[in-house]
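So the chains spell out like this:
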There are 2 protein chains.
Amino acid sequence: MNFKEEQEKKVREIEAIISRYLPAEKGLQKTVLAAMNYSVLAGGKRLRPMLMREAYAMFGGSGSEIAPFLAAIEMIHTYSLVHDDLPAMDNDEYRRGRKTTHVIYGEAMAILAGDGLLNLAFETAVQAFALGGNAVQIGRALTLFAQKAGVYGMIGGQCADIEAEDMGSRVTEEQLLFIHAHKTAALIQSALMTGAALAGACEEDLAKLETIGYNIGVAFQIQDDILDVTGTTADLGKSAGSDEKNHKVTYVTLKGLEQAREDQKRLSREAVSVLQSFGNRNLFLEQLVEALITRSH
Amino acid sequence: MNFKEEQEKKVREIEAIISRYLPAEKGLQKTVLAAMNYSVLAGGKRLRPMLMREAYAMFGGSGSEIAPFLAAIEMIHTYSLVHDDLPAMDNDEYRRGRKTTHVIYGEAMAILAGDGLLNLAFETAVQAFALGGNAVQIGRALTLFAQKAGVYGMIGGQCADIEAEDMGSRVTEEQLLFIHAHKTAALIQSALMTGAALAGACEEDLAKLETIGYNIGVAFQIQDDILDVTGTTADLGKSAGSDEKNHKVTYVTLKGLEQAREDQKRLSREAVSVLQSFGNRNLFLEQLVEALITRSH
């Protein structure tokens, strides 16, 4: 099996696990449950649960207490998209070719569906305690998981991003890196660190994974900025050059294309080399990280 | 000290505990942190943490692991108000005489502040594991706490409430009771059950507390409906008769004033009598429950 086939197989396995934790659409609250399922089942690469599962395996994890966490991180990711798409936020009507949740279910129900998924993520994650894993490791994983999703993680990045939108060209490099590090990298760090913590990884290894997650997230976003300048609309599946048109501050406008390319490569190389430094290597994870940061669209 | 003085003293103690868990307003995400603090510090009776603390004491709890849960339930309650007040939901500009969060901070930041508080509630609650309590009891409390806040608890009630608004006079008794049981009673059940579970209460006692919480929540809402018909605007601090004006289905419009009064009394009596049936009585808690369900405004 080549990498692509292995990845597709793993996506199907993860989707089967996520499905087990989604709510049955019944009861007098069934509309919010349907809106939640609609949002989660919109597809996607299930990147965060996949990274979590690979990190767990890499540190010798083989129990079932990982399963609720895999579903939980996808719920967190999904609720953030649902709220981000709201009219008061990015006001997006389509995502991955499907109508967004508030377009189908209305704004009030989309707010509730996001809240429902965020809460369900924790309801789901705590089920790990009943699955026979090590309670101390589960507690540690839960703490990391909660922190990286919150105001010192992803939500903090959303806040800075909203404020940057009103600042136009006055956005600084510090702000831009803060946004990428929190809005994007925090959940990648969460995936790697939560998975490893559940398998009993030591603090030193968790710190390494935090660096890897930071590098992946920031390199991914810089690549996004580079492709907006160098890619074609057909490659990207969205309008090329849109950042320039919107007078948006990006890593490329701040540092120039050449420096952006250099920094992106440095962050990527560092991520892969730290990953390779572990005694316990996971080749699929290494390939996955390579694919993420060298993508051309 | 009379009941009123004792209650005021306890409110101050609880507010001191909540403050310890609120975020410092710094960093590039400080706006969302300020919006969260603004929302939590709007005041109020701190009823849910107070019920939780009394239930914990009633079952012999005397540790510090209750503290993060007291802050966490107030965060859950507060986020639900912030999101409920949004233009897409109830569109309220004032609450307790202060401008609502979205009026001050804008709609996008209010959505994020709600998300931030919901996530912080769990970040805070999991801190209990580090405070030396019994990990199994904390895990049980956390599970109850998460369930009662979610789609099978409070959020489920919000969903049914939103749908009822579009149904006008076609709202049924089943729907109305579902809304009261979930939107209002679920967090009262959470307070009582989480506090008791943290102190090691048995399943049978938790089931009794679930009944008490249901009765308090539903009796409280029926009393609201009664006062809207019988109270004066001066008593209520809001327009009397507003339900009739808005053609809103209430317990009184469904069952008549006399039956509503009878049912309210029955639910209240039952709540107090189950509470008194515990070997370990808590007189302050009994007085608090009495005050809640016999209020005249």
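Throughout what follows, the structure given in this document is the object of discussion. (Residues numbered from 1 in each chain as written. Chains lettered and ligands numbered in written order. Predicted model: local features only at pLDDT ≥ 70, side-chain atom pairs only at ≥ 80, totals over all residues. Heavy atoms only, no water.)

Here's the deal with the pattern of salt bridges
Convention followed: When a carboxyl oxygen of Asp or Glu is within 4 Å of a side-chain nitrogen of Lys or Arg, the pair counts as a salt bridge. To qualify as a helix, a DSSP run of H or I must reach at least 4 residues; to qualify as a strand, a run of E must reach at least 2; elements of each kind are numbered from the N terminus. The cut-offs for exposure are 20% and 50% of the maximum accessible area for each residue type, with area from a 1.4 Å probe on protein chains only; residues under the lower value are buried, those over the upper are exposed, and the others partly exposed.
Summed over the entire model, instances satisfying the criterion amount to 26 salt bridges over all chains. Residues B:Glu54 and B:Lys10 are paired through a salt bridge, measuring 2.9 Å at the closest nitrogen-oxygen approach. Placement of B:Glu54 in helix 3 (residues 47-58) and of B:Lys10 in helix 1 (residues 3-20) is noted, with a sequence separation of 44 residues between them. Here B:Glu54 matches B:Lys10 in class, with each residue buried. In this structure, B:Asp161 engages B:Lys183 in a salt bridge whose closest nitrogen and oxygen atoms are separated by 2.7 Å. Taken together, the residues span a long stretch of sequence, with B:Asp161 in helix 8 (residues 154-165) and B:Lys183 in helix 9 (residues 173-198) at a distance of 22 residues. What makes B:Lys183 partly exposed here is its relative accessible area of 23%. Here the salt bridges do not stand alone but share partners, grouping A:Lys9, A:Glu13 and A:Arg53 into one network.

Quick look at the interface of chain B and chain A
Note on interface size: it is often stated as the accessible area lost on association of the parts. Filter applied, for reference: Any two residues having at least one pair of non-hydrogen atoms within 4.5 Å are treated as being in contact. Two parts placed together each lose some accessible area under a 1.4 Å probe, and adding up what both lose gives the buried area.
Contact with chain B, which involves 44 residues of that partner, is made by 44 residues of chain A. Of the roughly 4000 Å² buried between chain B and chain A on both sides combined, carbon and sulfur atoms contribute 74%. Joining chain B to chain A, the criterion identifies 0 salt bridges. Of all the elements, helix 6 (residues 107-125) of chain B adds the most residues to the side of chain B that touches chain A, at 11 residues.

Structural notes on the packing of aromatic side chains
Residue and element names in this part refer to chain A. Convention followed: In this scheme Phe, Tyr and Trp rings, the latter by its six-membered ring, pair at centre separations within 6.5 Å, and the angle between planes marks the pair as stacked below 30 degrees, edge-to-face above 60, and tilted otherwise.
Here the structure, examined in full by the defined rule, presents 12 aromatic pairs over all chains. Between Phe 3 and Phe 284 the ring centres are 5.2 Å apart and the planes differ by 35 degrees, which places this aromatic pair in the tilted class. One end of the pair, Phe 3, is in helix 1 (residues 3-20); the other, Phe 284, is in helix 15 (residues 283-293), with 281 residues separating them in the sequence. In terms of burial, Phe 3 and Phe 284 fall into one category: buried.

Notes on the side chain of A:Thr78
All names here are of chain A. In this fold, Thr 78 is placed in helix 4 (residues 66-84). The class for Thr 78 is buried, based on a relative accessible area of 5%. When neighbours within four sequence positions are excluded, Thr 78 is seen to be in contact with Ser 39, Val 40 and Leu 117.

A short note on unusual backbone geometry
Residue and element names in this part refer to chain B. Unusually for a residue other than glycine, Asn 91 sits at a positive phi of about 55 degrees. With respect to the secondary-structure elements, Asn 91 resides in the loop between helix 4 (66-84) and strand 1 (94-95). In this structure Asn 91 comes out as partly exposed when scored by relative accessible area, which is 43%. The phi torsion at Arg 96 lies on the positive side, around 50 degrees, for a residue other than glycine. With respect to the secondary-structure elements, Arg 96 resides in the loop between strand 1 and strand 2 (98-99).

What about the packing of helix 2 (residues 30-40) of chain B against helix 6 of chain B?
Residue and element names in this part refer to chain B. For clarity, the threshold we go by: Orientation is described by axes fitted as lines to C-alpha atoms, over the contacting stretch for helices, and by angles from 0 to 180 degrees between their N-to-C directions. Oblique is the label for any angle not under 35 degrees, not over 145, and not in the 65 to 115 range, which are roughly parallel, roughly antiparallel and roughly perpendicular in turn. Here the nonpolar group is Ala, Val, Leu, Ile, Met, Phe, Trp, Tyr, Cys and Pro; Asp, Glu, Lys and Arg are the charged ones; every other residue, Gly included, is treated as polar.
Where helix 2 contacts helix 6, the axes come no closer than 9 Å and their chain directions differ by 75 degrees. Relative to helix 6, the element helix 2 is oriented roughly perpendicular. On the side of helix 2, the interface is formed by Thr 31, Val 32, Ala 35, Met 36, Ser 39 and Val 40, while helix 6 contributes Met 109, Leu 112, Ala 113, Gly 116, Leu 117 and Leu 120. Class assignment of the residues belonging to the contact of helix 2 with helix 6 gives a composition of 9 nonpolar, 3 polar and no charged.

Worth remembering: the numbers are spatial, not functional.
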